[in-house]
Amino acid sequence: MSEKLPRGIRNNNPGNLNYVGQPGAHLETGVPCPRFAAFSTMADGIRALRDQLLRYGERGLTTVRAIISVYAPPSENPTGAYVYALCNHMGVQPDTVLNLRDPATQRSLIAGITTVENGPGHISMAQIDQALQTTPAVPHPVSEA
């Protein structure tokens, strides 16, 4: 049954972050070409996504278009459709500057990304809220892209 779940859900990595040595993560197993991180809990995966978004913000990537152009590049994804879906979810324009340290913005961005990555119905707002309230953001030197 679990093989029918989206990969990001199976890996407790609802943002489908590449494995780059994130604390508490390991390289996914059981797939022909492993590349994504696998976390012990969904909350860990949600916090890793938040931390990645904060690192993007530190690098000046503060709009949906800028973030998704790096996060889901056109070489691998329909980036324009991803940007559109995320903007629609968040109620912002592609080039609206986001405050990535704002909890409401984090919550909305994470909810939108996890829905685009895995489809609707896998991650609840309560799960996101609980994960984000459990541990404060602590930037570390790991860089996704």
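Structure: above.
Treat the numbers as computed from the prediction; the structure is a model and nothing was measured.

Turning to the environment of asparagine 11, a few remarks are in order. Among the structural elements, asparagine 11 can be located in the loop between helix 1 (7–10) and strand 1 (25–27). The buried category is assigned to asparagine 11, whose relative accessible area is 9%. Sequence-wise, asparagine 11 and phenylalanine 36 are 25 residues apart; in three dimensions their C-alpha atoms are separated by 8.0 Å. Aside from chain neighbours lying at most four places away, what touches asparagine 11 is Glu28, Phe36, Ala37, Ala38 and Phe39.

So, on to empty space enclosed by the protein. In the structure shown here, the tally under the stated rule is 1 cavity of 30 Å³ or more. Within this model, the largest cavity holds a volume of roughly 40 Å³. For the lining of the largest cavity, the secondary-structure elements that each account for two or more residues are helix 2 (42–58) and helix 5 (103–118). A breakdown of the residues in the lining of the largest cavity according to their chemical character gives 5 nonpolar, 1 polar and 1 charged.

Rules and cut-offs
Residues numbered from 1 in each chain as written. Predicted model: local features only at pLDDT ≥ 70, side-chain atom pairs only at ≥ 80, totals over all residues. Heavy atoms only, no water. Helix = DSSP H or I, 4+ residues; strand = E, 2+ residues; numbered from the N terminus. Buried < 20%, exposed > 50% of the residue type's maximum accessible area, 1.4 Å probe, protein only. Contact = heavy atoms within 4.5 Å. 1 Å grid on protein atoms, 1.4 Å probe; cavity = no way out; pocket = protein on both sides within 12 Å on 5 of 7 lines; lining within 4 Å. Points joined across faces, edges and corners; volume = space filled by probe spheres on them. Nonpolar A, V, L, I, M, F, W, Y, C, P; charged D, E, K, R; others polar.

In short, shape yes, function no, at least from these values alone.
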